[in-house]
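Topology and contacts: notes
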Amino acid sequence: MTGSSLGSPRTSSGGSPQSGRRRPAVWAAALLMGAAGTGVLGGVAHAEDIDHLTAQQIADRSRDALLEARSVHVTSRGDLGRGGKPMSLDLTLDRHGNCKGSVDLGESRGSVLIVKRGDDVWLKPDADFWKNQVPNGGSAFAAIVGDRYLKAPADSPRLRGLTKTCDLDTVQKLVSDNANDDSGTLNRGEKTTLGDTPVVPLTRMRGDTTLTVDVAATGKPYPVRLTLRGGEGADAVVNLSDFDVPVPRNTPSASESYDVSALLARTSSPV
């Protein structure tokens, strides 16, 4: 399946994505890393009322709240600059590596539904994905799979980039490991609302890049929105919600699934 991280037919299990392409499921994690890496999220929690906290103290509490979460719903859109392409995702994930949602590569390049539960993962590419991401035989594969999910072992090397990002522990570790860079200026804005949620915006300026994190001003101080602007064309938004709400447990049935090993065993012109 040339051009896809699933690899090509008859190739070894170490197939890799196209050169220079950011794995779409890593997109939100990269922005969360950016938040930690610019010092917007970092430190230890405090119990003071948020109205009396400094920008850094709010950032400290927000990071700890994120690291304590057992699950989260992430939606994102835009791009991180550096010549990347705008894309979006809608994904619920937890610490056990379960996830459910979708990734849209944008610009009619294709989208994929994703379900991961335990040791299995299911992927359901759309027609644009088959056409643009699997140019060698994609239409034939699509004809075989039809309106079913591709089912594969979650530890498949071809899918490691995707399944690793489905694990909230991985995202939290990235945030924790990249939380010590406090370069630039951190500012606290006036309390406002994001939808129905009272928030306090924190903004970190570094060069021509501005990263804003909106922190919940009531309840746990979760980071509920991250916005990146500037910096080589970066224009991206990540929304975080439904903290500690379990990932839906339902998975595609056997009749709704097609085993990926059977698909990869076929030639590039299977029909």
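Here's a quick rundown of the structure. The residue numbers shown here count from 1 along each chain, following its written sequence. Where totals are concerned, whole chains, interfaces and linings use all residues; where local detail is concerned, this predicted model gives features only for residues with pLDDT of at least 70, and gives and counts side-chain atom pairs only at 80 or more. Calculation of side-chain values draws on the structure's entire complement of heavy atoms; hydrogens and water are dropped beforehand.

What follows concerns the pattern of salt bridges. Any Lys or Arg side-chain nitrogen found within 4 Å of a carboxyl oxygen on Asp or Glu counts as a salt bridge. As enumerated under the stated definition, the model contains seven salt bridges in all. The salt bridge partner of D64 is R63, with a shortest N-O separation of 3.7 Å. The same class applies to D64 as to R63, namely buried. Only protein chains enter the accessibility calculation, which uses a 1.4 Å probe; a residue whose area is less than 20% of its type maximum is buried, one above 50% is exposed, and one in between is partly exposed.

Secondary structure elements follow DSSP: runs of H or I of four or more residues count as helices, runs of E of two or more count as strands, with numbering from the N terminus. Structurally, N132 is set in helix 3 (residues 127–133). By relative accessible area, which is 33% here, N132 ends up partly exposed. It is 7.0 Å that separates the C-alpha atoms of N132 and G110, two residues lying 22 residues apart in sequence. Here, residues are in contact when the closest pair of their heavy atoms is within 4.5 Å. In this structure, N132 is in contact with S108 and R109, ignoring residues within four places of it in sequence. A polar contact is formed between the side chain of N132 and the backbone oxygen of S108, at a distance of 3.0 Å. Residues adjacent in sequence count toward polar contacts only when both atoms are side-chain atoms; beyond that, a polar contact is any pair of N or O atoms within 3.5 Å, and within protein one must be able to donate a hydrogen and the other to accept it.

A word on the state of the cysteines. The disulfide definition used here is simple: a pair of cysteine sulfur atoms within 2.5 Å. One pass over the structure, following the stated rule, counts one disulfide. Two residues, C99 and C166, share a disulfide whose sulfurs are 2.0 Å apart. Negative torsions about the S-S bond denote left-handed disulfides, and the value of about 40 degrees found for C99 with C166 makes this one right-handed. Of this pair, C99 sits in strand 3 (residues 99–104) while C166 sits in the loop between helix 5 (160–165) and helix 6 (168–177); the two residues are 67 residues apart in sequence, bridging distant segments of the chain. Both residues of the pair, C99 and C166, count as buried.

This brings us to helix 4 (residues 138–145). Considered for burial, the residues of helix 4 that qualify are G138, A140, F141, I144 and V145. Viewed along the axis of helix 4, the buried residues span an arc of 160 degrees, placing them on a single side of the element. With respect to the buried face of helix 4, the exposed residues turned more than 90 degrees away are S139 and A143. On its buried face, helix 4 is in contact with helix 3, strand 6 (149–153), strand 13 (257–259) and helix 7 (260–264). Throughout, the arc means that of the directions going from the helix axis to the C-beta atoms.

Moving on: the nonpolar core. Ranked by internal contacts, the top residues of the largest apolar core, which has 52 residues, are I114, L202, L240 and L263. Per-element accounting of this core gives the leading share, five residues, to helix 2 (residues 55–68). Throughout this description, the term nonpolar core refers to a set of buried Ala, Val, Leu, Ile, Met, Phe, Trp, Tyr and Cys residues connected via side-chain atoms within 4.5 Å.

Another aspect to go through is the pairing of strand 10 (residues 209–216). Summarising burial for strand 10: six of the eight residues are buried, a large majority. Note: strand 9 (residues 197–206) against strand 10, eight bridges, orientation antiparallel. Among the inter-strand pairings, R206 is bridged to a residue of strand 10, identified as T209. Where strand 9 folds back onto strand 10 in an antiparallel hairpin, the turn is made up of two residues, including G207, whose phi is positive at roughly 60 degrees. Pairing geometry for strand 10 and strand 11 (residues 223–230), over seven bridges, is antiparallel. Note that in strand 11 the partner of L211 across the bridge is L228. Two strands are said to pair when DSSP picks up at least two bridges between them.

Next up on the list: the pairing of strand 11. Hairpin remark: strand 10 followed by strand 11, antiparallel, with six residues in the connecting loop; positive phi at G219, about 65 degrees. Sheet topology places strand 11 next to strand 12 (residues 234–241); six bridges connect them, and they run antiparallel. Its bridge partner lying in strand 12, R225 is registered against N239.

Spacing of three or four residues puts side chains on the same side of an α-helix, whose turn is 3.6 residues. Here the expected length of a helix is defined as 1.5 Å per residue gap, with one fewer gap than residues. Under the 1.5 Å per step criterion, the end-to-end length of helix 2 is 20 Å for 14 residues, consistent within 8% with the ideal 20 Å. Along helix 2, eleven of the 14 residues are buried, which leaves the element largely enclosed by surrounding structure. For helix 2, the set of buried residues is A55, I58, A59, D60, R61, S62, R63, D64, A65, L66 and L67.

Function cannot be read off these values alone, since they describe shape.
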